[in-house]
Amino acid sequence: MDRVSAFDEPLKKLLGGATAKVMAEHLDLHTVGDLLHHYPRRYEERGRLTALTELPLDEHVTVVAQVADARVMMFSNGRGKRLEVTLTDGSGRLQLVFFGHGVHKPHKELLPGRRAMFAGKVSLFNHKMQLAHPTYQLLDANDEDEATEAVDAFAGQLLPIYPACKQLDSWRIAKAVDAVLPSAQEAVDPLPPALRDGRGLVPLPEALLKIHRPHTKADTAAARDRLRWDEAFVLQVALARRRYADTQLPAVARRPVAGGLLDAFDATLPFTLTEGQQKVTGEIFDALATEHPMHRLLQGEVGSGKTLVALRAMLRTVDAGGQAAMLAPTEVLAQQHHRSITEMMGDLAEGGLLGGSDLGTKVVLLTGSMGTAARRQALLDLVTGEAGIVIGTHALIEDKVKFHDLGLVVVDEQHRFGVEQRDALRSKGKQPPHLLVMTATPIPRTVAMTVFGDLETSVLDQLPAGRSPIASHVVPAKDKPHFLSRAWERVREEVENGHQAYVVCPRIGDDADEAAEKKGKAGKKKAAPEEDAEKRPPLAVLDIADQLAKGPLAGLRVEVLHGRMPPDDKDDVMRRFAAGQADVLVATTVIEVGVNVPNATAMVIMDADRFGVSQLHQLRGRVGRGSAPGLCLLVSEAHEASPARARLSAVAATLDGFELSRIDLEQRREGDVLGQAQSGVRSSLRVLSVIGDEDVIAAAREEAVRVVADDPGLERLPELRTALDALLDKDREEYLDKG
């Protein structure tokens, strides 16, 4: 069997059709290679052979003893069954206990006089030592040598516990692994020998043997170190090759033009850029001036001035004869960006219009809900080049949208766009346009290197001068209802002082909501009354707005905003709120990003425990945007000792988004971190933790860059090419292609 095909062998050949079918359907394991890369989740320690008189409490032990007595006991009025077995080894006695369905097999096998090995964790019950549900192996009382050999093999061994399923438990998976383990010797080692030796990593065949059948904890540690490196390095090589390929594409360099639109705009700014904005702008401008497309991720804390940095990049592009497009995830945000950019630019945004600046350009909005005439005019302005800047939603991606010379694409809030959408807009340039992706969600360095690894990263972590601090507090509505009353008083006080407030709810509360709820509940078992109380529907915008207007905020101008309102109505509400014609805006998370009303100083988030940490941080960033201090109140009915309350306390304790994103990731599973769009990457990570293995990922990225720069086609590293082919199946290839 050749080196590659050993791993490609279908499991059906070695394990039989029935087992292979279950593995394919329930564990997504199809080949020998798949099963060899299905690593144990943990290991059960059996411990050394121990005499019954020397059993240590709360430790894993293995004992050899004879069954003295076994009896089945009934409890719960005959509904429950318990098997109690008494062991003796000549030095002492020990009780075993088995419950429920686990009673049947030991009841038949553990008969008085039988000798066996038992392994489990020692616990105390009614002041007596016991093992609950121990694993055991019967010994042949007549063959002392065989019994001794079996004892040595059984005791002290690390038992692998595999990720299993209802149809196939861990020990059957372990048995299947035994059948394919000889093929581990055929493993193609993707790491260049110099890298492997330089980092003291064991060869891949050895790592596979040690992860599945370790003799010591040191074996599992060595195996995991090696396999972690494989995953990090192969993925980083794939990303490094993608970045290298991008540097080989042609793009129009957008170089500075003295006395142009950008200089005219800078002259109108009433403030100086922060040091961070200057540094990040320098990185972006340097990349725009090259003849290869820029692919850059701009991470910026909430309120750090990302939009200004992006606008200056767009103006630089217009100066250099190109057009810039900003893609926003929602119509509310597209309209908000259009409004704030035209306000910032003043008459420079009125190119070709009466009263507009000679240096100016047109800034147009393009959304799906625009009227036909306005839409036709916007499309005309784009194809003729009259409009230097266009801001829009996914409507920008449609085939009928043509540009005169698209030079720069700015994507706001990357995580809300599919990679296909980003790619479609990029394809509208005569040559690939430069690309700037912005996110206000702080992304830890390792996640940025893994999920956005095909993009260079710029981080904006300084707040502009004049931004006010935001005080955040948890309001325990259930334990202390008077705290909630005080929250509404604080909102009134802010309004009386000439400011405005947001109230955020998780749900809209209209008929569509109700229908979705009923559909979700259909077919579910009737919950107990106390569960009903715990699982009440999330608080809704329409209900809360009505209660507030009639109750604690009576007399104030209360408006509502949510995603299912007609676009014109949404824009109208936002305009009036921005103009100070409404006091309190009760909204869903439609206000989460980009909404900028400096006069809004207070935010009350209802059912705050129903939101994620990053989302709460985003929402909070809508206040404290002017000179007055901000206030954010996190209302929750969660119990004080619950993880939900701990999350809220963490949000209240810091304004550092990067710190919060680390807390957020520590509380979530790896798959949640990488998200559905990155499922190709997620499914390839088995021992590498994007959250915990920062050093490995950073080192792997450096090694990958060096290897790809030296040998872009990996001609001298065929084993690494083979590993890349295995990683980049069709779905993952598309994920990386579209980045």
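Residues numbered from 1 in each chain as written. Predicted model: local features only at pLDDT ≥ 70, side-chain atom pairs only at ≥ 80, totals over all residues. Heavy atoms only, no water.

Caption draft 1: Highlighting the overall build of the protein chain. Check the secondary structure of the protein chain and you find 30 helices and 21 strands. Within the protein chain, contacts between residues at least 6 apart in sequence are counted, and of these 73% link residues at least 24 apart. Roughly 34200 Å² of accessible area belongs to the protein chain as shown, and the carbon and sulfur atoms make up 51% of that amount. (Helix = DSSP H or I, 4+ residues; strand = E, 2+ residues; numbered from the N terminus. Contact = heavy atoms within 4.5 Å. Areas by Shrake-Rupley, 256 points an atom, 1.4 Å probe, with all protein chains shown as cover.)

Caption draft 2: Structural detail: the pattern of salt bridges. Enumeration over the complete set of coordinates arrives at 38 salt bridges. Residues R196 and D197 are paired through a salt bridge, measuring 3.8 Å at the closest nitrogen-oxygen approach. The salt bridge involving E283 is made with K279; its shortest N-O contact spans 3.3 Å. Taken together, the residues E283 and K279, both in helix α12 (residues 275-288) and four residues apart, mark about one turn of the helix. What makes E283 partly exposed here is its relative accessible area of 24%. Taken together, the shared-partner salt bridges in this structure form one network comprising D189, R196, D197, R226 and D230. (Salt bridge = Lys/Arg side-chain N within 4 Å of Asp/Glu carboxyl O. Buried < 20%, exposed > 50% of the residue type's maximum accessible area, 1.4 Å probe, protein only.)

Caption draft 3: Broad picture of the environment of V103. With respect to the helices and strands, the residue V103 is situated in the loop between β4 (93-99) and α5 (104-109). Between the C-alpha atoms of V103 and K81, which are 22 residues apart in sequence, the distance is 7.6 Å. Apart from the residues lying within four places of it in its own chain, the contact partners of V103 are V72, K81, R82, L83 and F98.

Caption draft 4: Looking closely at the sheet that holds strand β9 (residues 295-300). The sheet built from seven strands is open, its strands ordered β11-β12-β10-β13-β14-β9-β15 with parallel pairing. Because the sheet does not close on itself, it has two edges, and the strands there are β11 (362-366) and β15 (456-460). For this sheet the average axis-to-axis angle between neighbouring strands, irrespective of direction, equals 20°. Here four bridges tie strand β10 (residues 323-327) to strand β12 (residues 387-392), and the two strands are oriented parallel to one another. Among the inter-strand pairings, A324 is bridged to a residue of β12, identified as I389. Strands β10, β11, β12 and β13 (406-412) of the sheet are contacted by helix α14 (residues 331-345), whose axis makes an angle of about 170° with β11. (Pairing = 2+ DSSP bridges. Axes fitted to C-alpha atoms, helices over the stretch in contact; angles between N-to-C directions.)

Caption draft 5: Inspection of the packing of aromatic side chains at higher detail. Enumeration according to the criterion identifies three aromatic pairs in this entry. Note on F98 and Y136: the rings are 6.4 Å apart at their centroids and 85° apart in plane angle, and the pair reads as edge-to-face. A residue pair is termed long-range when its members are at least 10 positions apart, and F98 in strand β4 and Y136 in strand β7 (residues 135-138) qualify at 38 residues. For the pair shown, F98 and Y136 are each scored as buried. For the pair Y502 and F577, a centre-to-centre distance of 5.2 Å together with 50° between the ring planes defines the contact as tilted. Of the two residues, Y502 is situated in strand β17 (residues 500-504) and F577 in helix α22 (residues 567-578); the sequence distance between them amounts to 75 residues. Of the two residues, Y502 and F577, neither departs from the other in class, the shared state being buried. Here a set of aromatic residues connected by ring pairs shows up, and it is made of F98, F118 and Y136. Sitting over the ring of F285, R316 keeps its end group 4.1 Å from the ring centre. (Phe/Tyr/Trp six-rings, centres within 6.5 Å; stacked < 30°, edge-to-face > 60°. Lys NZ or Arg CZ within 6 Å of the ring centre and 35° of its normal.)

Caption draft 6: Inspection of the sheet that holds β17 at higher detail. Here we have six strands laid out as an open sheet, ordered β16-β21-β20-β17-β19-β18, and parallel in their pairing. Every interior strand has two partners, whereas the edge strands, β16 (470-476) and β18 (558-561), have only one. The mean angle between the axes of side-by-side strands here comes to 20°, regardless of whether they run parallel or antiparallel. Contacts from helix α23 (residues 613-620) reach β16, β17, β20 (600-605) and β21 (630-636), with the element oriented near 150° to β20.

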